Structures are given as structure tokens and as C-alpha cells.
Amino acid sequence: MGLNVAQKIIKSHLVKGEMIPGKEIAIRIDRTLTQDSTGTMAYLQFETLGIDKVKTKRSVAYIDHNILQSGPENADDHLYIQTVAKKHGIYFSRPGNGICHQVNLERFGVPGDTLLGSDSHTPTGGGIGMLAIGAGGLDVAVAMGGKEYYINMPRVFKVNLKGRLNSWVSAKDIILEMLKRLTVKGGVGRIFEYTGEGVKTLSVPERATITNMGAELGATTSIFPSDDVVHEFLKAQGREKDFSYIQPDEDALYDDEMEIDLSLLEPMVACPHSPDKVVSVSELEGVRVNQVCIGSCTNSSYMDMMKVANILKGKIVDENVSLTISPGSRQVLTMLSKNGSLALMIEAGARILESACGPCIGMGQSPATNAVSIRTFNRNFEGRSGTKSAKIYLASPEIAAASALTGYITDPRKLGTPLEIEMPSKFLIDDNMIIKSESAQKKVRVVRGPNIKSFPKAKPLVDIVEGKALTKVGDNITTDHIMPSNSKLLPYRSNIPYLSDYCLVPCDEDFPKKAKENSGGFIIAGDNYGQGSSREHAALVPLYLGIKAVFAKSFARIHRENLINNGILPLVFENPKDYESIEIMDELKMENMLRQVENNIIVVKNKTKDEKYNMLFDVTLRQRNMIKYGGLLNLVKKDTE
Ligand code: MIC
Ligand code: SF4
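Thresholds applied
For every chain, the first residue of its written sequence is number 1, and the numbers climb from 1 along that sequence. Here chains are named by letter from A upward and ligands by number from 1 upward, in the order in which they appear as written. Predicted model: local features are reported for residues with pLDDT of at least 70 only, side-chain atom pairs are reported and counted for 80 or more only, and whole-chain, interface and lining totals are derived from all residues. The side-chain values count all of the structure's non-hydrogen atoms but skip hydrogen atoms and water molecules. UniProt positions are given in the numbering used here, feature names are shortened, and annotations may be inferred rather than shown by experiment. Only DSSP runs of H or I with at least four residues qualify as helices, and only runs of E with at least two residues qualify as strands; both kinds are numbered from the N terminus onward. For the radius of gyration, the atom set is restricted to C-alpha positions; the globular benchmark scales as 2.2 Å times the number of residues to the power 0.38. Residue contacts follow a heavy-atom distance rule, with two residues in contact if any of their heavy atoms lie within 4.5 Å. Areas reported here follow the Shrake-Rupley algorithm with a probe of radius 1.4 Å; residue values treat only the protein chains shown as occluding. Residues scored as positive are Lys and Arg, those scored as negative are Asp and Glu, and His as well as the terminal groups of each chain are ignored. Think of each charge as sitting on NZ of Lys, CZ of Arg, CG of Asp or CD of Glu. For this analysis, a nonpolar core means a set of buried residues of the types Ala, Val, Leu, Ile, Met, Phe, Trp, Tyr and Cys, connected via side-chain atoms within 4.5 Å. Burial classification: accessible surface area is computed with a 1.4 Å probe over protein chains only, and a residue below 20% of its type maximum counts as buried, one above 50% as exposed, and the rest as partly exposed. Each pair of strands is called paired provided DSSP finds at least two bridges between the two strands. Axis definition: a line fitted to C-alpha atoms, over the contacting stretch in the case of helices. Angles run 0 to 180 degrees between N-to-C directions. Salt bridges, as used here, are contacts in which a Lys or Arg side-chain nitrogen is within 4 Å of a carboxyl oxygen on Asp or Glu. It suffices for a single heavy atom of a residue to lie within 4 Å of a molecule or strand for the residue to be listed as near it. Side-chain classes are defined by residue name, with Ala, Val, Leu, Ile, Met, Phe, Trp, Tyr, Cys and Pro counting as nonpolar, Asp, Glu, Lys and Arg as charged, and the others, Gly among them, as polar.

Within an unreviewed UniProt entry, the label attached to the protein reads Aconitate hydratase, and the organism entered is Clostridium moutaii. Checking UniProt for the protein, the heading Subunit (unreviewed entry) contains the comment "Monomer." Under the heading Cofactor (unreviewed entry), UniProt records this for the protein: "[4Fe-4S] cluster".

Dropping the structure here:
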């Protein structure tokens, strides 16, 4: 039987298990990436494993998120990461070198390899045929230690691309179409594999936009084949030796299938406050825009920036719009400055920001109260920009640039003659901002600033687990709700006690107080709880607050793994109606847990209402053990004893 691309890579990395959808498998991880907002915690966890040198083919630590230095905290974290990286043979991409996913694509990604990254947009690497998966920092730490990564074998979903995009329609519109059809939970347990004649019409950066934002579908990852287009891209990056063809077999089978006719797509926009609220741009024309932000790991490639420069050329940004542009990497920024395109942007009135995440994670450029901001980013969750009342729309660079000029959401097709931008046959290659530590350097002193606190550690399961239902939230709660991140909070990613005062505050202001007063308890949630980022802090902070279990209608993949890795029970209502019965401050109790934990159903008593609920605990043996022994670190230590 023929294999598809995802199955081929999984098969060649399979350490344990069978490739049967839903069954647990373990795969070898070739490469890892971390960024600074999840990295500090990941390296603190890595250090506890007591390993001298990372055991991967290549691990890279990037600095791209926490780049505002309004106090010593971020700079201290950077110094910690830089020194810990040097000590353990990890490459270090210095601040200014670019966004991890963009730099990874340019300089490190290898078709056919596996990559595990402590960032949910790690699947960007699928644009060159890597199996690239986002995970919590602890999973990445363990992979750096040479241990396999466990997932349930995903269903591989074939997305057959037909035809080619019309002028002014862009790769962003393909992924917005996917989100429109499948929603933010449509990808849970799936890998999206793009095939068909339309694939060869898409460049690597276009493919990477699609695989990047596949994270918003909740997918395990997304992947394109490695073909001549990838070959040309790697050649232009001076990395031809990293290339190999990876194509699906002719008789490859898929678990699901859909088709997108590229020629039928229109420019589209995702409306506030969810990436799946997608409408055609024509429905929004005339909406006044106050801010336009171009960049992020979704749309900051050289090709995207060149489109923007050409749209802005010789024009001036509308007087009511603030336009910011963050090129994705130093490579992109240098090329733009050398070929004069940067000048075109500056002349048009753009505010050029550092090559980093910037406004995407609320690190500056929060919009005005009630403002409308149109962004080329991938997430528009309420409050993520730093302004709760702001309305964030997501769109292609073409729509963003056109709207910056007119001051209204604008259909780029009105700009007239289509752009013709050539993919460079040679990118500018300069890796001087990457500190290449090839071997362990035991003598390096790891510098730990005063803001770096130890992280909470889970405890083994006890027989009676009880407490109050501290809060009850609705569907699609994001990790940005559970553990908000913005310029004020990101500096404290290595200080869990500090962060604990902000946990779930966007949903329930009193949650931290209630958790502290009651020595912990439970969270009651709707569908797709924990969607969005990979931040382990959304589990570590609840652990610190004494949260013992989350009762939800369903969970997002990475967050569920993070909960289990930290010994918190992710329980799913067998009967979703029970969600309605539980009220805030009801007293809940689970008895005989040392026995119950072996079952797929755990019985919960509501002492206040004298009711019982069946909660599904559908996990693998290994996950059961993590809950029993108190999380992944304890399990790994037990395994190596
Ligand atoms: C995000 O886009 O939400 C982030 C910030 O990159 C996160 C990581 C984090 O919270 O540090 C992600 O996507 O995983
Ligand atoms: Fe950075 Fe935004 Fe990409 Fe997250 S989504 S990695 S914050 S650019």
C-alpha cells in the first residue's frame, strides 16, 4: 500500500507503535526550536534532566518574542538562554536575526526531517516538506534530551489544490478558506497534506503561510511535498545539500479528502475575534481602518514584503492610519534595504519595526480604544493586541497594504495591474547573528537573573481529589485567555508566581483570588478548551494555583498534552449536558482515584447538588502514568533510573 508524505516521514522516524489513526506512536525528533517566551522555561526543565549536550541533529534557540526591554527581565531571560545554549551545544539566534519560523525555513529546515518546537506555529516548516510539530516546552526539553516524542497517530487529510490563484488572491486566502470551511477545531487530530496540480503554482513562502496558519485549525501539523519548488528555494538559500524529494506514492491513501479550486478563491478577511470568522473582502469594504500591521511568522517573507513595497510605491499612507511593517528576518530586511524596497516603505510613511513578533503578541503597537486594526497575522483573539476593545481583522499583505493607503478595508483587485515579483535565485546569506555552539561547553557559567524563579512541579496522584468548581467558561477559550501575554506580562514568563495573578482574568477577574483562597480546585470549560498557542504557562500557572483537573466538553491538542505533562487531569464530559448542571463554587469530589485512574471513565460527585457525572479519561497508558506519577519530568526520571 502506498504512503502519503506525512506517513513516509512518520514511518522513517517511528520508534514505537503502529501508524493507526488515534493510536499512540513515538517518533524520533531530529531538530528542535525554542523561542524566548517559552524557551526560558523549556531550558530550566532541560537542565533538570542533567544532560551535557543536546542529543538532536540540531537545536536552535531563537530570540524573537520578548524584544521590548522596558526593564531588565527580558534581557535577563535572553542572557540565560544564550548561556544555557552555549553550555549545551545549542545554536543561538540573536535578537534581531528574525522570527523563529521564518529563520528556520530559510536557514535550518530540512525536508523529510522531524522538528519539534515550543511554539504552536512550528508547522511553518511543513512548507518545505518537514514534519514540524508545535508542543509545550517540556516536550521540547525532553526531545532535546534525545527522548522520542509521543502523539496519537493523526488522520491524514488530503487537500487537493486545483488550478491556480487569480491575481491579487494570495496564499493567505487559501488558509482562510480552510478555516472558513473547517473552523478553529476542524483540524484536531489531523495532519493536512496539500497535493494536486495547484501545489506547484505555490512558492515556498506561500506554502509556509498555509502550513503556519494550519495551527489555527487545531491541526497536529500541515505539510507540502518536497518538490522542484523546494529544491530551487534551498538552492537559493545555499543549502542544496539539504534537499531531497518527498512525494506521496501514486497509490497513497488518505483518511479524509477535500478539494479547493484555487481559481475560485477571492481575497478574504477573518473578522474579530476568531481566525475562522472568514468573509469575502467585498463584504467589508468601507470599514474604516485605524491601524495596519504587516509581518508575523505568517506573512513576513521576502516575497510578501516585496508585494507590500510595490503596492506602497510612490503613495502615502492614509492620514488616519498607522502602518507598521516587521520584516520576518534579518535576511529579508537586509535584502529589502539593499534593493531599495525598504526606502519605498519608509517614503510611504510606514513605521518599520524590528524583525520579530512585535504587535502579533501585543509587544507594542496596541491599537487605540475601539480601533480597527487589519493585520497579516494569524490570530485575532480578543485582547491579544493589548487593547480589549480593538477589533482585529486578519488578511493578506495585499489587502493590508491596499487598506493602509485608502484608510478603508479595500479589495486589492481595485489596485489594477497585477504585481509581478520574482523569487530570488539567490538569497542574501549571512549567518553571523547565529552563535553556533557545536559541542557542550561545561565551563560556561549560566547567568540567571533575579526574575528567573523555579517552576512548579506536579505531585503524584492522591486517592481523593476534591475542591470547588472555581470558574466556568464557554467554548473556544484560548491560551491567551488562560495565561494572557502582552508587553506587561511577557517579561514574567520565567516567574510563575507573578503570572498567577493574571490567570484566566479575561474570563473571570476573580479566578486567581478564588484559586488562592480555596487552595486550588477545578475549571469547568466548553469545547476546544486551550486552543491557540503552545504556551505551557497555561498549565504551569494553574498547577501553581492548585488546579487538579479541568472538566471540558473537548480540549485542543497541545494544551491537553501540557496539562497531562504537568499532572493535571483533562476530563471530558461524557454527557455534555452535565456541563450545564455544574455551577461556580459547587463542591466536586473524585474518590478512589488510584483505582479510577486506570479507567476510561472517572466518576465525579457534585456534593452541592448531590449529582454524579461520568467524565471521559481517554488517554494512553503512558499518559495515565504521567497523571499517576506527577507529570512528564517525573516519568522521564523514573524511566532513566
Ligand atoms: C503565539 O503566537 O501565541 C505565541 C506567542 O507565539 C505562542 C507561544 C507563547 O505563548 O510563547 C505560540 O504560538 O505557541
Ligand atoms: Fe510570533 Fe506571532 Fe508567530 Fe506567535 S504567531 S510566533 S507571536 S509572529
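**Points about the overall build of the protein**
What the protein contains, in helices and strands, is 21 helices and 27 strands. Relative to the 2.2 N^0.38 estimate, which gives 26 Å for 641 residues, the radius of gyration of the protein is 23 Å and therefore close to what a compact globule would have. Principal-axis analysis of the C-alpha atoms gives the protein an extent of 70 × 55 × 50 Å. Here the analysis covers contacts within the protein between residues at least 6 apart in sequence; of these, 77% occur between residues at least 24 apart. For the protein, the accessible area works out to roughly 22600 Å², and carbon and sulfur atoms hold 48% of it. Charge centroids of the protein, computed over 77 positive and 76 negative side chains, lie 5 Å from each other.

**Structural notes on the nonpolar core**
Formed by 103 residues in total, the largest nonpolar core has its most connected members in Tyr 529, Phe 551 and Met 590. Sort the elements by how many residues they give to this core and helix α5 (residues 137-144) lands first, with six residues. Apart from residues lying up to four places away in sequence, Phe 551 is in contact with Phe 522, Ile 523, Ile 524, Ala 525, Leu 571, Phe 573, Ile 582, Leu 588, Met 590, Val 604 and Met 615. The next biggest cluster of nonpolar side chains, apart from the first, holds 60 residues, and it includes Val 60, Val 281, Leu 312 and Val 317.

**Structural notes on unusual backbone geometry**
Cis geometry is found at the peptide bond from Pro 272 to His 273, where omega equals -5 degrees. When you line up the elements, His 273 lands in the loop between β13 (268-270) and β14 (278-280). If you check the backbone angles, Gln 365 has positive phi at about 60 degrees while not being a glycine. Mapped onto the secondary structure, Gln 365 falls in the loop between β17 (351-352) and β18 (372-375).

**Quick notes on the sheet that holds strand β27 (residues 611-616)**
Taken together, the seven strands give a closed barrel; going around it, the order is β21-β22-β23-β24-β27-β26-β25, and neighbouring strands pair in mixed fashion. Here the strands of the sheet are splayed against their neighbours by 35 degrees on average, with no regard to which way each runs. Looking at chain direction, strand β25 (residues 587-590) and strand β26 (residues 601-606) are connected through two bridges and run antiparallel. Note on β26: the bridge partner recorded for Lys 589 is Lys 605.

**Considering the side chain of Arg 493**
For Arg 493, the position within the fold is in the loop between α13 (479-482) and α14 (496-499). In this structure Arg 493 is buried but unpaired, with Asp 480 as the nearest side chain of opposite charge at 6.6 Å.

**Observations regarding the sheet that holds strand β2 (residues 24-27)**
The three strands are arranged β1-β2-β8 in an open sheet whose pairing can be described as antiparallel. Of all strands in the sheet, those with a lone pairing partner are β1 (14-16) and β8 (149-152), marking the two edges. Pairwise comparison of adjacent strand axes, ignoring direction, gives a mean angle of 45 degrees for this sheet. In terms of strand pairing, β2 meets β8 through four bridges, oriented antiparallel. Opposite Ile 27, over in β8, you have Tyr 149 as the bridge partner.

**Some remarks on the UniProt feature "domain: Aconitase A/isopropylmalate dehydratase small subunit swivel" (unreviewed entry) in the protein**
UniProt marks residues 522-575 with the feature "domain: Aconitase A/isopropylmalate dehydratase small subunit swivel" (unreviewed entry), using the numbering shown here. Within the segment residues 522-575, helix and strand shares are 31% and 28% respectively, and the terminal C-alpha atoms sit 18 Å apart.

**As for the site of ligand 2**
By nearness alone, every residue bordering ligand 2 is listed as His 65, His 101, Asp 119, His 121, Ser 296, Cys 297, Cys 357, Cys 360, Ile 361, Asn 378 and Arg 384. In terms of residue class, the shell around ligand 2 is made up of four nonpolar, five polar and two charged.

**Some details on the pairing of strand β7 (residues 131-134)**
Burial of β7 is two-sided: the residues Leu 131 and Ile 133 facing one way and the residues Ala 132 and Gly 134 facing the other way are all buried. As defined by bridge partners, strand β6 (residues 114-117) adjoins β7 across four bridges and the pair is classed as parallel. Bridge pairing in β7 places Thr 114 opposite Leu 131.

**Section: the environment of Arg 493**
Under the relative-accessibility criterion, Arg 493 is labelled buried at 3%. Between the C-alpha atom of Arg 493 and that of Met 41, which follows or precedes it by 452 residues, the distance is 7.5 Å. Excluding its chain neighbours within four sequence positions, the residues that come into contact with Arg 493 are Ser 37, Thr 38, Met 41, Ser 485, Leu 499, Arg 535 and His 537.

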